[in-house]
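# Commentary on secondary and tertiary structure
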Amino acid sequence: MFANVLLSVKRSSYVTLQQVTCRTIVSSIGMDSTGRKKRPVWKKLIAEHAPLLLPAAHDALTARIIERIGFKAYQIGGFALNGARHAYPDLDLTHFGEERHGFYDIISASSLPVMIDADDCYGDVKNVTRTIRGYEALGASALFFEDQQAPKRCGHLKGKRLISTKAMVWKIRAALAARSESDFFIIARTDAIEAYGLDEALRRGEQYLQAGADGLFIEGPRSIEDIESIGRHFKGASLCVNIFEGGGRTPWVSPDDLHKMGFSMILYPTTILFRVTHAIEQAAADLIAGKQLSAKDSVNFKAYEDIVGLPQWKEIEEKFHYEEQ
């Protein structure tokens, strides 16, 4: 019996040592024992790094590159994800069940805090609860959802219809009740400018903040004057603004100027996606024309290996690979 106990202790010690060694290895490549870094709290990010510049990652490789470039956080937007993953427009064609798989892949590729675009939360307060719980469990740090009536559409398209202010307030309350940690940052978005005008958007924004939303996102201001009005009206609140480059309704304003106007989070949903789309078109056109890959317009094999983490994976393989005799 003593021998069995001793053997059990030895096995336990071996397993513990093995686990410690594994943690040491993954720690050396910038991850915790689950393969992820502990992400900073979103409120702290705003306090220390505002304005937060939030480019949209439409896939895992983009999220990895955004982190390598030096951003403090990023977003995953429905517009970019639908286009890149499904070649769909942003017209309510995908919902929680489909989008969470894409979100998981992207979030897993970067240790940065991420803001999730949860559309209209895909239904009533039950769906809101499921969506909040699901995306918080995936590792998101912040999330916004909007007051559009289904079928929702891109914030810079015409024809949007909204649910009532009261219905959105109850959705916000359900979202706050659903989160397991108060640090999970919930932003209420209104698309009222296009549907009813700026005054109604401001009125709704007041109600959404009173309901307890951590931040506010008034979509689609059409002029610098509109942007300034929003910043003045909600001075001191955590405000988002969407700079939809390449054809959106909101004019481009520099990050510094937007911050001076009162905005702490600046979203760029199209900037990377549109440039990537152009690069794919150009590469395909060059290939069919028989042109060689241009070194100035691409990364090389070694650079790509570094981006996708080949050296780190080789380190793990060499440390733990066992060859059958």
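Please read these numbers as outputs of a predicted model, since none were measured by experiment.

### Notes on the pattern of salt bridges
Enumeration according to the criterion identifies 15 salt bridges in this entry. Here Asp 124 ties to Lys 126 by a salt bridge, and the two come within 2.5 Å at their closest N and O atoms.

### Details of helix H4 (residues 78–86)
Given 3.6 residues to a turn, an α-helix orients residues that are three or four positions apart in the same direction. Within H4, the full set of buried residues consists of Gly 78, Ala 80, Leu 81 and Asn 82. Buried residues along H4 sit against strand S2 (74–76), helix H5 (96–108), strand S3 (114–117) and helix H12 (271–288).

### Some remarks on the side chain of Thr 190
Position of Thr 190 among the secondary structure elements: in strand S5 (residues 185–190). Residue Thr 190 is classed as buried on the basis of its relative accessible area of 0%. Side-chain polar atoms of Thr 190 contact the side chain of Asp 147, separated by 2.7 Å.

### Describing the sheet that holds strand S6 (residues 215–218)
Across the sheet, 8 strands lie side by side as S1-S8-S7-S6-S5-S4-S3-S2; this open sheet has parallel pairing. The open sheet terminates on both sides in strands that have one partner only, identified here as strand S1 (52–55) and S2. For this sheet, the mean inter-axis angle between neighbouring strands, taken without regard to orientation, is 25°. Two elements, S6 and strand S7 (residues 239–242), share 2 bridges in a ladder whose sense is parallel.

### Quick notes on helix H10 (residues 224–233)
Regarding H10, the residues found buried are Asp 226, Ile 227, Ile 230 and Gly 231. Looking straight down H10, one finds its buried side chains confined to an arc of 135°; they lie on one side. Exposed and oriented more than 90 degrees from the buried face of H10 are Glu 225 and Arg 232. Those residues of H10 that are buried are in contact with helix H8 (192–196), helix H9 (198–210), S6, S7 and helix H11 (255–260).

### As for the pairing of S7
Residues Leu 239 and Val 241 line one face of S7 and the alternating positions Cys 240 and Asn 242 line the opposite face, and both faces are buried. On the question of chirality, the crossover connecting S6 to the parallel S7 by way of H10 is right-handed. In the sheet, S7 pairs with strand S8 (residues 265–268) via 3 bridges, with the strands oriented parallel. Note that in S8 the partner of Asn 242 across the bridge is Leu 267. Crossover S7 to S8 through H11 is right-handed.

### Quick notes on the nonpolar core
Counting residues in hydrophobic clusters, the biggest one holds 57 residues, and the most contacted among them are Tyr 74, Tyr 135, Phe 145, Ile 172 and Ile 230. Broken down by element, this core gets its largest block of residues, 7 residues, from helix H7 (residues 165–178). Those residues in contact with Ile 230, other than ones at most four positions away along the chain, are Ile 193, Leu 198, Leu 202, Ile 218, Pro 221, Leu 239 and Phe 263. Core analysis: the next-biggest nonpolar cluster, separate from the first, contains 15 residues, Trp 42, Leu 52, Phe 144 and Phe 185 among them.

### Quick notes on the packing of H9 against H10
Contact pair H9 / H10: the axes reach a minimum separation of 11 Å and the direction vectors enclose 25°. Classified by the angle their axes make, H9 and H10 are roughly parallel. In the crossing of H9 with H10, the sense of the turn from one axis to the other is right-handed. When H9 is examined against H10, the residues Leu 198, Leu 202 and Glu 206 are found in contact with a partner set consisting of Asp 226, Ser 229, Ile 230 and His 233. In terms of residue class, the contact of H9 with H10 is built from 3 nonpolar, 2 polar and 2 charged.

### So, the environment of His 101
Looking at where His 101 falls in the secondary structure, it is placed in helix H5. His 101 sits in the partly exposed class, given a relative accessible area of 44%. Measuring from C-alpha to C-alpha, the distance between His 101 and Leu 138 comes to 9.7 Å, with 37 residues separating the pair along the chain.

### Some thoughts on the packing of aromatic side chains
As enumerated under the stated definition, the model contains 5 aromatic pairs in all. Between Phe 79 and Phe 274 the ring centres are 6.1 Å apart and the planes differ by 65°, which places this aromatic pair in the edge-to-face class. Placement of Phe 79 in helix H4 and of Phe 274 in helix H12 is noted, with a sequence separation of 195 residues between them. Classification of Phe 79 as partly exposed rests on a relative accessible area of 23%. Of the residues examined, Phe 274 reaches a relative accessible area of 33% and is grouped as partly exposed.

Reading guide: rules and limits
- Residues numbered from 1 in each chain as written.
- Predicted model: local features only at pLDDT ≥ 70, side-chain atom pairs only at ≥ 80, totals over all residues.
- Heavy atoms only, no water.
- Salt bridge = Lys/Arg side-chain N within 4 Å of Asp/Glu carboxyl O.
- Buried < 20%, exposed > 50% of the residue type's maximum accessible area, 1.4 Å probe, protein only.
- Helix = DSSP H or I, 4+ residues; strand = E, 2+ residues; numbered from the N terminus.
- Contact = heavy atoms within 4.5 Å.
- Polar contact = N/O pair within 3.5 Å; in protein donor to acceptor, adjacent residues only side chain to side chain.
- Pairing = 2+ DSSP bridges.
- Axes fitted to C-alpha atoms, helices over the stretch in contact; angles between N-to-C directions.
- Arc of directions from axis to C-beta.
- Right-handed = clockwise from strand over helix to strand, strands pointing away.
- Core = buried A, V, L, I, M, F, W, Y, C linked by side-chain atoms within 4.5 Å.
- Parallel < 35°, antiparallel > 145°, perpendicular 65-115°, else oblique.
- Left-handed = near helix turned anticlockwise from the far one by under 90°.
- Nonpolar A, V, L, I, M, F, W, Y, C, P; charged D, E, K, R; others polar.
- Phe/Tyr/Trp six-rings, centres within 6.5 Å; stacked < 30°, edge-to-face > 60°.

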